[in-house]
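So the chains spell out like this:
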Amino acid sequence: MSALYGTYARSELAFERGEGVRLFAQDGTEYLDFHSGIAVNALGHADPHIVTAIKSAAEKVWHTSNTFTIPEQEKLASRLCEATFADAVFFTNSGTEAIECAIKTARRHFYAKGEADRYEIIAFNGSFHGRTMGAIAAGGNPGYLEGFGPPLEGFKHLAPGDLDAVKAAIGPQSCAILIEPVQGEGGVTAMTPEFMQGLRRLCDEHGMLLILDEVQCGYGRTGMFFAHEWSGITPDIMAVAKGIGAGFPLGACLATAEVAAAMVPGTHGSTYGGNPLACAVGNAVLDRILAPGFIESVNNAGQSLHWHLRQLAQRFPHHITEVRGKGLLAGIKIKPPVKDFVVRLRDDHHLLAIGAGDNVLRLLPPLIISEDDIKQAIEKLAEAFTAIDREADGTIAAD
Ligand SMILES: *Cc1c(COP(=O)(O)O)cnc(C)c1O
């Protein structure tokens, strides 16, 4: 009996070590990792640059609290601002905390302007923003809200892609629009550039803020540093996590100077958020992500993965009905139940992947994935679909 909360339907599989895009179980079995700890291990496993950085940081100062200046944090913040729309950063330990900070920042901005009753945020069906009380209200997934008392007030949920519905939903209390440019957990749905541009325009017309949740789709994963760059717009506030620490718990809320100005001393805080150890890792990760050619190589890998997935869909049209996503946040909508298919891939073909909403198989390899490894993963997928066909034919007994 496990002494843990039963909040996960865990597999008994446990890994002992990792190397690049491969994980090795306790019995030595090798797995190809297209899961990346849910889009977290951006640089794969045991990246030498990150390992060196964390070792050397561990011998200095791990933690001081944010009541002191943290040079590694200052450095990471200015590098992030340099590379994005943002002027100011608040560091957290997770994606859900980055979303909390984003919601608080948006609401506080209007409060500081004397418009305290402007607190309503327009969000979207199929989104996922994390598991705090604020984030489950923002996500609006009934299954995640059930049993936890009255949800945090002030969120409206609409169908993604319907600009007219957004326009119609905007009222005097609306303060912001919150969206994932590519929905991850909800079903790997990429928003169109037109929709993203339309949301930006509506925000500008109505004096509202655009909040992007790039916790999963950001940090290079789609082939741009941030996914919103594909549509040529910028947000006012952005939540980041997952890839930013490449496995070390770290998140960030980025904002423009005008919006961040309302977050004065006392309005928000975090004991651990952005501590020296986390930010040393964050800086080392950023060294790799922003190295010349890195994001371009992610873009190439993403295009290759999508090309191969489209080929696979042509080969197995009875199993794959749609290829979704952007770059290395890819998905295939499949006919076999995705939960079972994930287990089949793992146990029979030693490929790690993850399910998403709408019966989508989500493929999230480390950003360092090679063409060869993509081909191997595709081959494993093909083998898995072929095995299903053979079982259906009843020829499995002859194996
Ligand atoms: C994972 C995720 C979150 C929550 O991040 P945690 O680190 O699990 O709190 C929020 N938004 C999106 C889009 C995510 O994928």
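Residues numbered from 1 in each chain as written. Predicted model: local features only at pLDDT ≥ 70, side-chain atom pairs only at ≥ 80, totals over all residues. Heavy atoms only, no water.

## A closer look at the environment of Phe15
Here is step 1: Along the chain, the position of Phe15 falls in strand β1 (residues 15-19).
Here is step 2: Residue classification places Phe15 among the partly exposed positions, given a relative accessible area of 33%.
Here is step 3: In sequence terms Phe15 and Glu30 are 15 residues apart; their C-alpha atoms lie 9.5 Å from each other. (Helix = DSSP H or I, 4+ residues; strand = E, 2+ residues; numbered from the N terminus. Buried < 20%, exposed > 50% of the residue type's maximum accessible area, 1.4 Å probe, protein only.)

## Let's talk about the pairing of strand β3 (residues 30-33)
Here is step 1: In the sheet, strand β2 (residues 22-25) pairs with β3 via three bridges, with the strands oriented antiparallel. Looking at the pairing, Leu23 lines up with Tyr31 of β3.
Here is step 2: Hairpin remark: β2 followed by β3, antiparallel, with four residues in the connecting loop; positive phi at Gly28, about 95°.
Here is step 3: Pairing geometry for β3 and strand β15 (residues 351-352), over two bridges, is parallel. The residue bridging Leu32 from the neighbouring strand is Leu351, located in β15. (Pairing = 2+ DSSP bridges.)

## Overview of the environment of Ala159
Here is step 1: Its location among the elements puts Ala159 in the loop between β6 (155-158) and α7 (163-169).
Here is step 2: Assessed through its relative accessible area of 38%, Ala159 is described here as partly exposed.
Here is step 3: As for Ala159 and Phe124, which are separated by 35 residues in sequence, their C-alpha atoms are 5.8 Å apart.
Here is step 4: Each residue touching Ala159, except ones within four places of it in the same chain, is listed here: Phe124 and Asn125. (Contact = heavy atoms within 4.5 Å.)

## As for the sheet that holds strand β14 (residues 329-334)
Here is step 1: What the four strands build is an open sheet, ordered β13-β14-β17-β16; its pairing is antiparallel. Strand pairing shows two members of the sheet lacking a second neighbour, β13 (320-326) and β16 (354-356), which therefore form its edges. With direction set aside, neighbouring strand axes in the sheet form an average angle of 30°.
Here is step 2: Here β16 runs beside strand β17 (residues 360-363); their pairing, made up of three bridges, is antiparallel. (Axes fitted to C-alpha atoms, helices over the stretch in contact; angles between N-to-C directions.)

## Topic: the site of the ligand
Here is step 1: For the ligand, the full set of nearby residues is Ser94, Gly95, Thr96, Phe128, His129, Gly130, Glu180, Asp213, Val215, Gln216 and Lys242.
Here is step 2: Between an oxygen atom of the ligand and a side-chain N or O atom of Lys242, the distance comes to 2.6 Å.
Here is step 3: Surface burial for the ligand is 81%, taken as the share of its 380 Å² of free accessible area covered by protein chains.
Here is step 4: For the shell around the ligand, the residue count by class is two nonpolar, six polar and three charged. (Near = heavy atom within 4 Å. Polar contact = N/O pair within 3.5 Å; in protein donor to acceptor, adjacent residues only side chain to side chain. Areas by Shrake-Rupley, 256 points an atom, 1.4 Å probe, with all protein chains shown as cover. Nonpolar A, V, L, I, M, F, W, Y, C, P; charged D, E, K, R; others polar.)

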